[in-house]
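# Survey of secondary and tertiary structure
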Amino acid sequence: MKMQLPRADGTLKSYVLKAEPIRPQGKTPAFNRTVYAAAHVVVDPCATVDPWDASPSIDWDRTLAFREHLWSLGFKIAEAMDTAQRGMGVDWPVARELIQRSLRHARTVPGADLACGAGTDQLAAGPNVTLAQVEAAYREQIGVVEAEGGRVILMASRALARCARGPDDYLSLYGRLLRDVSQPVVLHWLGEMFDPALSGYWGSNDLATALATVATLIRDNADRVEGIKVSLLDAKWELELRRRLPAGVKMYTGDDFNYAELMAGDAQGHSHGLLGIFDPIAPVAAVALGELAAGNVARFRELLDPTVALSREIFRAPTRHYKAGVVFLAWLNGHQRHFSMAAGLQSARGAVHYARVFELADQCGALTDPDLACRRMQAWLSVSAGIDS
């Protein structure tokens, strides 16, 4: 199989597919890491007439079917997170329905497990927002998750980043929330590369100071914290915090640049996973994680390391647009009938990026049906870039 792909210099290159998909053969063995895949949503492009100016209409059948796909491969699901375009096309009313539908659907699927993002995105991060309003918004969303019997991922808040005056505001507000949750939560530290509005989270732009604040929060509330997801795209900060966590509190890597080495671990421990990249590479990751559970660390790295190049392209700056590559691969792999996104955000990346995603996905075995992927890639290139092979 051969394809003409665009390059950044305006020329085309001829690419011959490797066409060697990696996927489990039979039932996926139980993992020895706790691994959440942050899942995207599938929109209904015909029902959403003005995607820039209206809430998206969701294709619930395909959205829930994709979650069944992830569960079947052994993953837990991190629901209604930034991968689902929270705050970038998906507003709180849609996210609330997503949480409710997913938790109810999970009860019908044997072995299904998920946790849901609770944040403050119903509250605009304006200049007059108050800590009391932020707390009320968090409590509203926590209440929606817990009313369905769900576990909470306590998402980072743009409104809190806007109004907090320093570390003490974070410690006091989070402390009150943690005292009242019904089950231990996963905390969520999303770096400003994912969302510029989260700059200075935990009360400081100095990451060492911010890390000390969140370490204090976890130490003082260890019985209410299952773990923390760290997405800073710099392994040293995750390692530093991981080594300071109390016994029983898990480090969930959200580092889409360094996850393979962080999950493999070292003599001082390992990270678990809560990653957007596990949405598009789920079959490859499932095989790799099965090898890790069997003690075959070298084989785990041999399988997972090649996916890192794909992840680095999908999550390259501006990182907040990574969702486009995630949904593009879901379309190429047949999980949805179209390449459309909430708010029309498929336009956030260009033809050269999508061509590179296609190429790297093939090279690491993440194109599960190369024939289908080729047909769809060629159709997209023809319509979107005027390239006909």
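To keep things clear, this report deals only with the structure shown in the data block. Model, not experiment: these values are computed from the prediction. (Residues numbered from 1 in each chain as written. Predicted model: local features only at pLDDT ≥ 70, side-chain atom pairs only at ≥ 80, totals over all residues. Heavy atoms only, no water.)

### Considerations on the sheet that holds strand S10 (residues 272-275)
Note the following rule: Two strands pair if DSSP finds at least two bridges between them. Secondary structure is summarised from DSSP: a helix means a run of H or I of at least four residues, a strand means a run of E of at least two, and numbering begins at the N terminus for each. Note on definitions: angles span 0 to 180 degrees between N-to-C directions of axes, and those axes are lines fitted to C-alpha atoms, for helices only across the stretch in contact. Any two residues whose heavy atoms approach within 4.5 Å at even a single point are treated as in contact.
Taken in spatial order, the 8 strands of this closed barrel run S3-S4-S5-S6-S7-S8-S9-S10, and their pairing is parallel. Neighbouring strand axes in the sheet, compared pairwise and without regard to direction, differ in orientation by 25° on average. As defined by bridge partners, strand S7 (residues 185-190) adjoins strand S8 (residues 225-231) across 6 bridges and the pair is classed as parallel. Its bridge partner being in S8, Trp 189 is matched across the sheet by Val 230. Sitting on the sheet, helix H1 (residues 60-72) touches strand S3 (35-38), strand S4 (76-79) and strand S5 (114-118), and the angle it makes with S4 is about 140°.

### Regarding the environment of Ser 340
Short version of the rule: Per-residue accessibility, obtained with a 1.4 Å probe over protein chains only, is compared with the maximum for each type, and a residue is labelled buried under 20%, exposed over 50%, and partly exposed between these values.
When you line up the elements, Ser 340 lands in the loop between helix H11 (322-332) and helix H12 (351-363). Of the residues examined, Ser 340 reaches a relative accessible area of 18% and is grouped as buried. Remark: the alpha-carbon pair of Ser 340 and Pro 45, spanning 295 residues in sequence, is separated by 6.3 Å. Aside from chain neighbours lying at most four places away, what touches Ser 340 is Val 43, Pro 45, Val 327 and Gln 346.

### Details of the packing of aromatic side chains
Convention followed: Each aromatic pair joins two rings of Phe, Tyr and Trp (for Trp, the six-membered one) with centres within 6.5 Å, and gets the label stacked for planes under 30 degrees apart, edge-to-face for over 60, and tilted for any other angle.
All chains considered together, the criterion is met by 20 aromatic pairs. Between the aromatic rings of Trp 189 and Trp 202, the centroid separation amounts to 6.5 Å while the plane-to-plane angle is 85°, which identifies the pairing as edge-to-face. Taken together, the positions of Trp 189 in strand S7 and Trp 202 in the loop between S7 and helix H6 (207-220) put the pair 13 residues apart, joining distant regions of the chain. Residue class for Trp 202 comes out buried when judged on its relative accessible area of 1%. Taking 5.9 Å as the distance between ring centres and 80° as the angle between the ring planes, the aromatic pair formed by Phe 194 and Tyr 322 counts as edge-to-face. Separated by 128 residues along the polypeptide, Phe 194 in the loop between S7 and H6 and Tyr 322 in helix H11 bring together distant segments of the chain.

### Re helix H10 (residues 297-314)
Here is the rule we go by: Multiplying 1.5 Å by the helix residue count minus one yields the expected span of that helix. Each residue is assigned a bend, namely the angle between axes fitted to the seven residues that terminate at it and the seven residues that start at it.
For H10, built from 18 residues, the straight-helix expectation of 26 Å at 1.5 Å per residue is met to within 8% by its first-to-last C-alpha distance of 25 Å. The principal kink in H10, of about 25°, is found at Leu 304, preceding the proline Pro 306 by one to four residues. Inspection of H10 places Phe 300, Leu 303, Leu 304, Thr 307, Val 308, Leu 310, Ser 311, Glu 313 and Ile 314 among the buried residues, and these make up the whole buried set. The inward-facing, buried residues of H10 contact helix H8 (259-264), helix H9 (282-293), H11 and H12.

### What to know about unusual backbone geometry
Look at the link from Ala 317 to Pro 318: it is a cis peptide, with omega at -10°. Relative to the helices and strands, Pro 318 is located in the loop between H10 and H11. Even without glycine at this site, Ala 19 takes up a positive phi of about 55°. The partly exposed category is assigned to Ala 19, whose relative accessible area is 26%. Despite not being glycine, Trp 202 shows a phi value in the positive range, around 70°.

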